[in-house]
Amino acid sequence: MLQAQVFLWAYILLFFPASIVAQGLGANWGVIASHPLDPKIVVNILKDNGIKKVKLFHAEHDILTALSGTDIEVMVGIPNHSLESLSEKYSVAQAWVKANITAYMGKKGVNFKYVAVGNEPFLAAYNGTYNNLTLPAMKNILKALNEAGVGKDIKVSTPLNGDVYITPTYKPSDGIFRHDLADIMNGICEFLHKNNAAFIVNIYPFLNLYQNPGFPEPYAFFDNDDSNSMDDHGVKYRSVLDANIDTLVAALKVSNFSDIPIIVGEVGWPTDGNIYATTKNAKKFYNGLLKRMTKNEGTPLRPKQYPDVYMFSLLDEDLKSIDPGMFERHWGIFSFDGQPKFPLDLSGKGQNKRLVGGKNVTYMEKQWCVYSKAASNQKDLAIKVAWACNNTDCTTLVPGASCSGMGIDMNASVAFNMYYQMANQTKAACDFEGLAKIVKQDPSNGTCRFPIMIKTIQTTSNSSASAPKSSRSSTFSSSTSHSPFQTHSPSPSSSPFHSPLLIFQIFVGIFTIWFV
């Protein structure tokens, strides 16, 4: 009997490695990708890894259909460009709810829990564009949900950036809402309080480290000693995430809304495109975060329960704007094809478990496009590579990234292959006036991987107020905070290549240096 029990537990551990996740853990699912995975495959990734909460940036028919019939809790977003029409015309809110909520409900429908109205609409970079539109849009959406009979089950909120609050003394306990947003935030908080909805905030410790020279690196992670902590009247903060959360808690208390629950709508760590953006650091960050969540001890100002957290993000997105930084396309804990990047125990127990990757993913042919040394027109190489990088994803080539510092041959091959793969391996995409050639042997070397693109399906949108395929942020906000705790996510953009001139200059500069 004992042997049988041991065998049974071994079987469970082997075949259900990620069935238990930290309480309150979810994931953001963005789709700004040249070759997005089949939504059914992505839903199976969520299920196989025990992730029961997902946040979408806009309503998309194929994704909502794939989520139908599952018990996965869904937070569905409405993009900022829809706020004006939603705030001005209740009929637009009615139509949105009908097309994107009630159409997917029923016994085998979508398990909607939240509608996220807008995405970081009060960023300083918007110059107040959405300040007077967000709350009216939220009210109209809630009214339409109530009219449809689902307002008690589906909450309405708006994901906000950490720059909506500040702390003049750098101490979390002195947190207040930005003075220019005080009246607006009071209205938002009153709405959330009245309707038992959570305050959703996006926080990025990585951006604290990336944007602020001299920021103590250990403080971006967890479990640091006192030398890398913040002292707040005798309370030690050993991670900027906890300090940021409590800055918001303090701001809510000052505004007399101390009982509003908090959800961290986005938090994560990128794995490429910057010296700090590595799989090692991402693993370290997530392991620390999941451990904090599993302990469920909360933060010093809210000690009883840690907030629900949505990891940013589930998958890499190779068409995201690189305005915020070259790391912007590498936030996924899974690569673009649904394969895990590093071992991660979502239960928070620190075991060296591997995530369950996407199944039945169909790839294109095992062939790559690389630089040809035999080409006669070598003088044009820098220009051709710069052109390729303007039209594909060369973020792995920048200093500190996974393919950096490997020489002209390797870097040219990376650029040519990414263009070739994103162009569906068409023969004409691997020419560059004779400077490139197709090979059958994988040219990957060390940390520098040469991907093969996946075959993808065409998706359709059922949203009457659907966004362009956008997800997190794309342009920096200007900082108005007096606190090192605040993180400033960039703002949304539908443009996949937002700074071609910058990329051109970077890579022409790199190749000019090599040739000199």
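Residues numbered from 1 in each chain as written. Predicted model: local features only at pLDDT ≥ 70, side-chain atom pairs only at ≥ 80, totals over all residues. Heavy atoms only, no water.

Per an unreviewed UniProt entry, the protein carries the name glucan endo-1,3-beta-D-glucosidase and comes from Gossypium hirsutum. The record in UniProt for the protein states the following under Catalytic activity (unreviewed entry): "Hydrolysis of (1->3)-beta-D-glucosidic linkages in (1->3)-beta-D-glucans." The heading Sequence similarities (unreviewed entry) in the UniProt record of the protein holds the text "Belongs to the glycosyl hydrolase 17 family." (UniProt positions renumbered as here; feature names shortened; annotations may be inferred.)

**Considering the layout of surface pockets**
Approximately 1000 Å³ is the volume attributed to the largest pocket. Residue lining of the largest pocket: 37 residues in total, with Asp316, Ser335, Phe336, Arg449 and Pro451 positioned closest to the centre. Here the residues of the lining of the largest pocket sort into 13 nonpolar, 13 polar and 11 charged. There are two domains that each give the lining of the largest pocket at least three residues, and those are domain 1 (25–334) and domain 2 (368–439). (1 Å grid on protein atoms, 1.4 Å probe; cavity = no way out; pocket = protein on both sides within 12 Å on 5 of 7 lines; lining within 4 Å. Points joined across faces, edges and corners; volume = space filled by probe spheres on them. Nonpolar A, V, L, I, M, F, W, Y, C, P; charged D, E, K, R; others polar. Domains from an automatic or database assignment.)

**Some remarks on the pairing of strand β3 (residues 73–78)**
Taken across its six residues, β3 has five buried, putting it largely inside the fold. Of the pairings in the sheet, the one linking strand β2 (residues 53–56) to β3 comprises four bridges and is parallel in character. When the sheet's bridge partners are listed, lysine 55 is paired in β3 with methionine 75. Handedness of the β-α-β unit built from β2, helix α3 (residues 61–67) and β3 comes out right-handed. Where β3 meets strand β4 (residues 111–117), six bridges bridge the pair, whose relative direction is parallel. Looking across to β4, one finds that glycine 77 is bridged to alanine 116. (Buried < 20%, exposed > 50% of the residue type's maximum accessible area, 1.4 Å probe, protein only. Helix = DSSP H or I, 4+ residues; strand = E, 2+ residues; numbered from the N terminus. Pairing = 2+ DSSP bridges. Right-handed = clockwise from strand over helix to strand, strands pointing away.)

**Focus on helix α6 (residues 134–147)**
Between its terminal C-alpha atoms α6 stretches 20 Å, which fits the 20 Å expected from 14 residues at 1.5 Å a residue. The complete set of buried residues in α6 reads Thr134, Leu135, Ala137, Met138, Asn140, Ile141, Leu142, Ala144 and Leu145. Residues of α6 that are buried sit in contact with β3, α4 (83–88), α5 (90–100), β4, β5 (155–157) and α7 (182–194). (Expected span 1.5 Å × (residues − 1). Contact = heavy atoms within 4.5 Å.)

**Here's the deal with the confidence of the model for the protein**
When pLDDT is averaged along the protein, the result is 88, and 85% of the positions lie at 70 or above. With pLDDT under 50 throughout, residues 508–516 is counted as low confidence; its partners more than four residues away or in other chains account for 16 contacts. (pLDDT = per-residue confidence, 0-100.)

**Section: the sheet that holds β2**
Remark on secondary structure: sheet strands pair via backbone hydrogen bonds, oriented parallel or antiparallel. Read across the sheet, nine strands follow the order β5-β4-β3-β2-β1-β13-β12-β9-β6 without closing on themselves; strand pairing throughout is parallel. The strands lining the two open edges of the sheet, one partner per strand, are β5 and β6 (159–161). The sheet shows a mean angle of 25° between the axes of neighbouring strands, taken without regard to direction. In this structure, strand β9 (residues 199–202) lies alongside strand β12 (residues 262–267), joined through four bridges in parallel fashion. In the sheet register, isoleucine 200 faces β12, and the bridge partner there is isoleucine 263. Against the sheet, helix α9 (residues 240–254) contacts β9 and β12, and its axis sits at roughly 140° relative to β12. (Axes fitted to C-alpha atoms, helices over the stretch in contact; angles between N-to-C directions.)

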